[in-house]
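Fold and geometry: a report
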Amino acid sequence: MNINYLASLIAVIVLFLLAYVGVEAAGLRYFFGVLLPYLAVIIFIVGFVKKIVGWAKTPVPFPIPTTCGQQETLSWIKPAKIDNPTTGFGVFVRMLLEILFFRSLFRNTKMELREGDKLSYEWEKWLWLFALAFHYSFLTVLLRHLRFFLEPVPGCVKFLESMDGFLQIGLPGIMISGILLLAALLFLLLRRIFIPQIRYISLASDYFPLFLIMGIAITGILMRYFIRVDIAGIKELTIGLVTFHPIIPDGIGGLFYVHLFFVSVFIAYFPFSKLMHAGGIFMSPTRNLTTNTRATRHINPWNYDVKVHTYEEYEDEFREKMIGAGLPVEKES
Amino acid sequence: MFNKKLVIAGLIIFVGIITFPFWFNQAKVIAPPEVKLTERAKEAKECVLPDKLKMRGEHMQLLDVWRGTVVREGNRKYVGTNGKEYEMSLSNTCLDCHSNKADFCDKCHEYASVDPYCWDCHIDNPKETK
């Protein structure tokens, strides 16, 4: 047992109990259904903006883009325009591919000793694959939830939902994104628990978001397939939130409030955690700088003006004494 | 702040996207759907599941079970939790009372953006009424 993941799991269970008991026993429906979600959204937006502005204010002392190809040099040597971008457009394409397809994760390698002391490197693509599956299924789930927040529901949301549910298994139909999300989360968690090197560098702040998102996914899946809730009633509540006419309809069970509470905690926690990589990727100097390091000089923004005493000034000051001592000078007078 | 224009433009776009549901609905009062019951449904007073909330939440699962039981086992008899017997049939039992699809089924389905494929076969038998 490891204190890091145990503490995270317990934290999520405590959050579950807080919301469930708070609603079912103490009847704090307005608190969990209206006040906390509003508070969480405010914390999310203000916290996110503050974090980004803080990063934008931090000077970058050195050009430190990671290079993954030939830098632009002599005309007859072919440069890698995207992997070693010297133009703004190259950087843009590189960022786009990084954000949409996680290219740097694709290059992930695994190093291990085999047959005793043979060092081996192996291309490790599972993290890339499951990270991609996780992020895109999470995005799909998020976009599908727009049906609770928009009225009338736009056609594109309906289309996404019909694509997601096109297997038409069971009623209500299985959504591929939900299953994929949970499977990918499970991989990301088990990877941290079972691979010793990764367990060693994993902290509670790595496990907690995983357990929290799992909690969100599991409560959502429970409500959709197993412990059914009144969807129209829930939409009344969510639409009330986004139109600033909050109401608490009757007959919504504690499980929904747990789901909502998990999401509130998730978005309020977002700006203060590793989850900020969503904004941080845009601010990474290793990605967003051009590699024109040989063409232009990068000035450290915090350089102060160094007081220099050039040789000419030195000679002007001591010329007579230098001539008197027989030392060579550049200018005679 | 470095790259001020870019960072501020990015932040404005981000906040715009995040708050999309707020300005899409423009703080209108959006009334929840009101379903209308037909005269027959009002007379019957009770549905196959007497609990109204349960019916709202679980009717699709019940229909799924009914479909399986009828198609795979050929059994059409359903005994409700209130002891009454019903025929397991969407057309002949459910839609017999709730024949006003547009004012009953569609109301919530449209509100919650649900598009059940029941109607691919079932609504013209019996004919829909207003």
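Residues numbered from 1 in each chain as written. Chains lettered and ligands numbered in written order. Predicted model: local features only at pLDDT ≥ 70, side-chain atom pairs only at ≥ 80, totals over all residues. Heavy atoms only, no water.

**Comments concerning the environment of Pro196 of chain A**
Note on placement: Pro196 of chain A falls in helix H8 (residues 196–201). With a relative accessible area of 47%, Pro196 of chain A lands in the partly exposed category. (Helix = DSSP H or I, 4+ residues; strand = E, 2+ residues; numbered from the N terminus. Buried < 20%, exposed > 50% of the residue type's maximum accessible area, 1.4 Å probe, protein only.)

**Brief notes about the domain arrangement of chain A**
Partitioning chain A into domains gives domain 1 (3–302) and domain 2 (307–333). A straight line from the C-alpha centre of domain 1 of chain A to that of domain 2 of chain A covers 66 Å. (Domains from an automatic or database assignment.)

**Quick notes on the nonpolar core**
Core analysis: the biggest nonpolar cluster contains 56 residues, and Phe134, Leu212, Phe256 and Phe266 of chain A have the highest contact counts within it. Among the elements of the structure, helix H1 (3–24), helix H2 (29–57), helix H5 (126–144), helix H7 (176–194), helix H9 (204–226), helix H10 (231–242) and helix H11 (254–269) of chain A together with helix H1 (4–18) of chain B are those that each provide at least two residues to this core. Here the element with the most residues in this core is H9 of chain A; it accounts for ten residues. In contact with Phe266 of chain A, not counting residues within four places along its chain, are Phe138, Leu212, Ile213, Ile216 and Leu275 of chain A. Among the nonpolar cores identified, the runner-up in size contains nine residues, and Leu49, Met55, Tyr78 and Met88 of chain B belong to it. (Core = buried A, V, L, I, M, F, W, Y, C linked by side-chain atoms within 4.5 Å. Contact = heavy atoms within 4.5 Å.)

**Side note on H5 of chain A**
Residues and elements named next belong to chain A. End to end, H5 covers 26 Å across 19 residues, agreeing with the expected 27 Å (1.5 Å per residue, within 8%). Of all the residues in H5, the buried ones are Leu127, Trp128, Ala131, Leu132, Ala133, Phe134, Ser137, Phe138, Thr140, Val141 and Arg144. Looking at the buried side of H5, the elements it contacts are helix H3 (88–101), helix H4 (103–106), helix H6 (155–164), H7, H9 and H11. (Expected span 1.5 Å × (residues − 1).)

**Considering the packing of H7 of chain A against H9 of chain A**
All names here are of chain A. Taken N-terminus to C-terminus, the directions of H7 and H9 make an angle of 155 degrees; their axes are 10 Å apart at the nearest point. Viewed along their axes, H7 and H9 adopt a mutual orientation that is roughly antiparallel. Where H7 crosses over H9, the handedness of that crossing is left-handed. Here H7 contributes Gly178, Leu181, Leu182, Leu185, Leu186, Leu188, Leu189, Arg192 and Ile193 to the contact with H9, which in turn contributes Asp206, Tyr207, Leu210, Phe211, Ile213, Met214, Ala217, Ile218 and Ile221. Considered class by class, the residues forming the contact of H7 with H9 number 15 nonpolar, one polar and two charged. (Axes fitted to C-alpha atoms, helices over the stretch in contact; angles between N-to-C directions. Parallel < 35°, antiparallel > 145°, perpendicular 65-115°, else oblique. Left-handed = near helix turned anticlockwise from the far one by under 90°. Nonpolar A, V, L, I, M, F, W, Y, C, P; charged D, E, K, R; others polar.)

**Some points on the packing of H5 of chain A against H6 of chain A**
Residue and element names in this part refer to chain A. Across the interface, H5 lies against H6 with an axial gap of 9 Å and an inter-helix angle of 130 degrees. Judged by the angle between their axes, H5 and H6 are oblique. Every pair of crossing elements has a handedness; the one defined by H5 and H6 is left-handed. From H5, Thr140, Leu143 and Arg144 reach across to H6, where they touch Val157, Leu160, Glu161 and Asp164. Residues belonging to the contact of H5 with H6 are distributed by class as follows: three nonpolar, one polar and three charged.

**Structural notes on the interface of chain B and chain A**
With 31 residues of chain B in contact, the opposing surface of chain A contributes 44 residues. The junction of chain B with chain A conceals about 3,400 Å² of combined surface from both sides, 72% of it contributed by carbon and sulfur atoms. In terms of surface lost to chain A, no three residues of chain B exceed Phe2, Phe22 and Tyr111 of chain B, which account for 19% of the buried area on that side. At the junction of chain B with chain A, the criterion picks out one salt bridge. In this structure, Asp230 of chain A and Arg56 of chain B form a salt bridge, with 2.7 Å as the shortest nitrogen-oxygen distance. Here chain B is connected to chain A by ten residue pairs in polar contact (both at pLDDT 80 or more). The class makeup of the residues in the side of chain B that touches chain A is 22 nonpolar, five polar and four charged. (Buried area = accessible area lost by both parts, 1.4 Å probe. Salt bridge = Lys/Arg side-chain N within 4 Å of Asp/Glu carboxyl O. Polar contact = N/O pair within 3.5 Å; in protein donor to acceptor, adjacent residues only side chain to side chain.)

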